[in-house]
Amino acid sequence: MCFSEGRSRWGRGLVALMLAAALLQPGGSIDALQDEKPAEGGVKKKKSPIPELAADQLPKQTRARPDPAKSQVELDTIHVTIVEMAQTMAGKRYTPQTRVVQNYLGEYLRRAGYRIVENPAKARYRVSGKISTIFDTELILRNKIIAWKYAGTITAKLQDANGKVLQEIDIPEVFRLNVKSEKSAIWDLRRFLAHIIYSELCLKGDELTNGRIVSLIESLAVDSFDQVEDIEASAVVEKLADHGLEAVPYLLQALTDTRTVMVKAAYPGLKVPTDLKIYHLADKTLEEIFQKVSRMELKTPPQLRFYIIAGWENEWRRFCKPFRESPEADRRKHALLKKSAGAVPEKNLRVLDFSLYGKKPGKGKGGEPKEADKEPSEDKAEPKKQP
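Residues numbered from 1 in each chain as written. Predicted model: local features only at pLDDT ≥ 70, side-chain atom pairs only at ≥ 80, totals over all residues. Heavy atoms only, no water.

J.: Sorry if this is basic, but what is going on with the overall build of the protein chain here?
T.: When you go through the protein chain residue by residue, the secondary structure sums to 10 helices and 6 strands. Buried positions account for 47% of the 387 residues belonging to the protein chain. When contacts within the protein chain are restricted to residue pairs at least 6 apart in sequence, those whose partners lie at least 24 apart make up 74%. Accessible surface, the protein chain as shown: approximately 20,400 Å² in total, 51% of it carbon and sulfur. (Helix = DSSP H or I, 4+ residues; strand = E, 2+ residues; numbered from the N terminus. Buried < 20%, exposed > 50% of the residue type's maximum accessible area, 1.4 Å probe, protein only. Contact = heavy atoms within 4.5 Å. Areas by Shrake-Rupley, 256 points an atom, 1.4 Å probe, with all protein chains shown as cover.)

J.: I would appreciate a short explanation of the side chain of Glu315 in the present structure.
T.: When you line up the elements, Glu315 lands in helix α8 (residues 302-317). Setting aside residues no more than four positions away along its own chain, Glu315 makes contact with Phe290 and Lys292.

J.: Would you mind showing me how to read the packing of aromatic side chains here?
T.: The description of an aromatic ring pair rests on the distance of the ring centres and on the angle between the ring planes. In this structure the tally under the stated criterion is 6 aromatic pairs. Aromatic side chains Phe290 and Trp312 sit 5.8 Å apart centroid to centroid with 25° between the ring planes, which places their arrangement in the stacked category. Highlighted residues: Phe290 in helix α7 (residues 278-290) and Trp312 in helix α8, separated in sequence by 22 residues. Neither residue differs from the other here; Phe290 and Trp312 are each classed as buried. Ring pairs connect the aromatic residues Phe290, Trp312 and Phe319, which therefore count as one cluster. In this arrangement the basic side chain of Arg124 is found over the ring face of Tyr125, its NZ or CZ atom lying 4.4 Å from the centre. (Phe/Tyr/Trp six-rings, centres within 6.5 Å; stacked < 30°, edge-to-face > 60°. Lys NZ or Arg CZ within 6 Å of the ring centre and 35° of its normal.)

J.: It is not clear to me how the packing of α7 against α8 should be interpreted in this structure. Could you clarify?
T.: Two quantities define a packed helix pair, namely the angle between the helix axes and the distance between the axes. Remark: α7 packs on α8, axes separated minimally by 12 Å, with the N-to-C direction vectors making an angle of 35°. As α7 runs across α8, the sense of the crossing is left-handed. Taken together, the residues of α8 that come into contact with α7 (itself represented by Tyr279, Asp283, Leu286, Glu287 and Phe290) are Arg305, Ile308, Trp312, Glu315 and Trp316. (Axes fitted to C-alpha atoms, helices over the stretch in contact; angles between N-to-C directions. Left-handed = near helix turned anticlockwise from the far one by under 90°.)

J.: What is the right way to read helix α2 (residues 100-111) from this model?
T.: Each turn of an α-helix holds 3.6 residues, which means side chains three or four residues apart point in the same direction. The end-to-end C-alpha distance of α2 is 17 Å, a good match for the 16 Å that 12 residues give at a rise of 1.5 Å each. Counted residue by residue, α2 has 11 buried out of 12 residues, so it is predominantly covered. Listing the buried residues of α2 in full gives Val100, Val101, Gln102, Tyr104, Leu105, Gly106, Glu107, Tyr108, Leu109, Arg110 and Arg111. Two residues or fewer after α2 comes Gly113, characterised by a positive phi angle close to 110°. (Expected span 1.5 Å × (residues − 1).)

J.: Would you mind showing me how to read the pattern of salt bridges here?
T.: Note on pairing: side chains with opposite charge can pair once their charged atoms come close. One pass over the structure, following the stated rule, counts 18 salt bridges. Residue Lys264 is joined to Glu232 by a salt bridge in which the shortest nitrogen-to-oxygen separation is 3.9 Å. Residue Lys264 is located in the loop between α6 (248-254) and α7, and its partner Glu232 is located in the loop between α4 (211-219) and α5 (233-242); the two are separated by 32 residues in the primary sequence. The class for Glu232 is partly exposed, based on a relative accessible area of 40%. (Salt bridge = Lys/Arg side-chain N within 4 Å of Asp/Glu carboxyl O.)

J.: Before we go on, may I ask you to explain the pairing of strand β1 (residues 77-87) in this structure?
T.: Regular strands have side chains that alternate between both faces of the sheet. With 2 bridges joining them, β1 and strand β3 (residues 115-116) adopt parallel strand pairing. Among the inter-strand pairings, Ile78 is bridged to a residue of β3, identified as Ile116. Relative to strand β4 (residues 125-141), β1 runs parallel, the two being bridged by 9 bridges. In the strand pairing of β4, Val83 is matched with Lys130. Taken together, β1 and the strand that follows it, strand β2 (residues 93-94), pair antiparallel across an intervening segment of 5 residues, in which Gly91 is found at a positive phi of about 90°. (Pairing = 2+ DSSP bridges.)

J.: How should the nonpolar core be read in this particular structure?
T.: Side chains that are nonpolar tend, in soluble globular proteins, to be buried together. Formed by 77 residues in total, the largest nonpolar core has its most connected members in Ile78, Leu105, Leu109, Ile154, Phe290 and Trp316. By residue number, the principal contributor to this core is helix α3 (residues 182-204), which donates 11 residues. For Leu105, the contacting residues outside a window of four places in its chain are Val80, Ile82, Val127, Ala194, Ile197 and Tyr198. (Core = buried A, V, L, I, M, F, W, Y, C linked by side-chain atoms within 4.5 Å.)

J.: Sorry if this is basic, but what is going on with unusual backbone geometry here?
T.: Most of the time, phi is negative for any residue but glycine, and the peptide bond is trans. Despite not being glycine, Asn143 shows a phi value in the positive range, around 60°. With respect to the secondary-structure elements, Asn143 resides in the loop between β4 and β5 (144-160). Here Gln291, not a glycine, exhibits a phi torsion of approximately 55°, which is positive. As for its placement among the helices and strands, Gln291 is situated in the loop between α7 and α8.

J.: Even after reading the chapter, I still don't get the packing of α4 against α5, so can you show me in this structure?
T.: At a minimum axis separation of 10 Å, α4 and α5 run at an interaxial angle of 160°. Relative to α5, the element α4 is oriented roughly antiparallel. As α4 runs across α5, the sense of the crossing is left-handed. Residues Ile213, Leu216, Ile217 and Ser219 of α4 form the contact with α5, whose own contacting residues are Val236, Lys239 and Leu240. Per-class residue counts for the contact of α4 with α5 are 5 nonpolar, 1 polar and 1 charged. (Parallel < 35°, antiparallel > 145°, perpendicular 65-115°, else oblique. Nonpolar A, V, L, I, M, F, W, Y, C, P; charged D, E, K, R; others polar.)

J.: Whenever I open this one, the pairing of β4 confuses me. Can you help?
T.: Where β4 and β5 come together, 16 bridges link them in antiparallel fashion. Considered in β5, the bridge of Phe135 is made with Tyr150. If you look at the hairpin formed by β4 and β5, you'll find 2 residues sitting between the two strands, and Arg142 has a positive phi there, around 55°.

J.: Got a minute to help me understand the environment of Thr285 in this structure?
T.: Note that Thr285 resides in helix α7. C-alpha of Thr285 to C-alpha of Ser234: the two residues are 51 residues apart in sequence and 9.5 Å apart in space.

Set out below in structure tokens:
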């Protein structure tokens with residue numbers, strides 16, 4: 001399904017109704033987590049979103065817990081310069097005052113362990129490029145605009161200190177849909193482009209990517225019929241945990257991976273295999289690495305899952321100096337995890353075929369991964385902590 005001017009009014013209405021129905025699905029409210037009765041003084045007191053477990057209910061320790069006093073992660077230095085251009089519905093071209101792509105890309109790289117430097121002469125790597133966001137079309141229902149569709153382009157490269165080009169990124173079309181406003185649509189797309197550049201550099205590239213860790217995570221999304229040899233999710237979790245702190249940035253990224261686990265897996269309460277997502281097993285691996293428990297369950301709602309993800313980010317800050325010392329930390333705390341205002345949820349992007357960048361609507365297809373939990377060993381007595 002694509003948005004074209006030649007489409008019939010009936011087709012436009014059908015797509016619009018699909019979008020409206022998808023966006024208005026009922027969901028839990030964070031306000032529902034509050035106490036019914038007001039505390040002393042008449043002020044309502046919030047319950048803890050995820051209550052702590054009693055010490056005697058914590059699982060036993062299964063491996064050595066990392067010590068931030070002894071283990072600190074800091075990789076190479078990187079200088080980032082991204083030029084941004086945008087275009088409104090009216091066709092006006094302008095240079096945004098705030099470099100959203102550059103700022104967000106820098107924060108993604110800090111979370112991965114890289115230190116961002118202002119002076120390119122002091123950088124081991126240099127990331128430079130240009131992005132452009134262009135209005136594509138609006139989605140109209142009953143003569144009212146209900147969504148804005150924008151397209152973005154990316155041209156970027158990674159160089160070493162001597163100027164040698166190590167990786168080039170050239171993506172002609174990235175589509176995003178936003179239901180809040182035109183301004184929000186432009187901002188949301190720019191932020192999404194930052195994530196794409198980061199993914200190309202640190203999850204797909206040869207220079208900044210740990211291919212072994214990425215391959216392990218991706219193996220969870222491959223159907224067992226397509227595997228060369230049988231893979232069990234519990235073994236993948238164990239191998240990822242063996243990488244220790246090196247795997248954490250990849251697992252933090254995987255905490256938002258909603259693909260279905262496709263390999264043989266076990267998980268508490270799992271009855272329908274497709275209910276198990278990669279983010280469940282990323283969480284289990286982080287529990288194993290840090291020897292702490294997050295309390296994530298198979299049916300943990302998105303609101304509570306955000307608290308868990310933010311908790312793992314806070315834990316990672318204790319070990320990752322560039323991320324901990326980020327100048328963006330106070331201004332945009334946990335911003336890498338939050339959805340942009342008005343952004344169409346990922347599952348609905350797939351309904352509308354806008355999920356894959358680099359392809360026009362109608363060509364995309366969502367993938368799915370899988371993984372299992374690890375049973376704690378009985379021969380060690382020390383319990384795991386809670387984040």
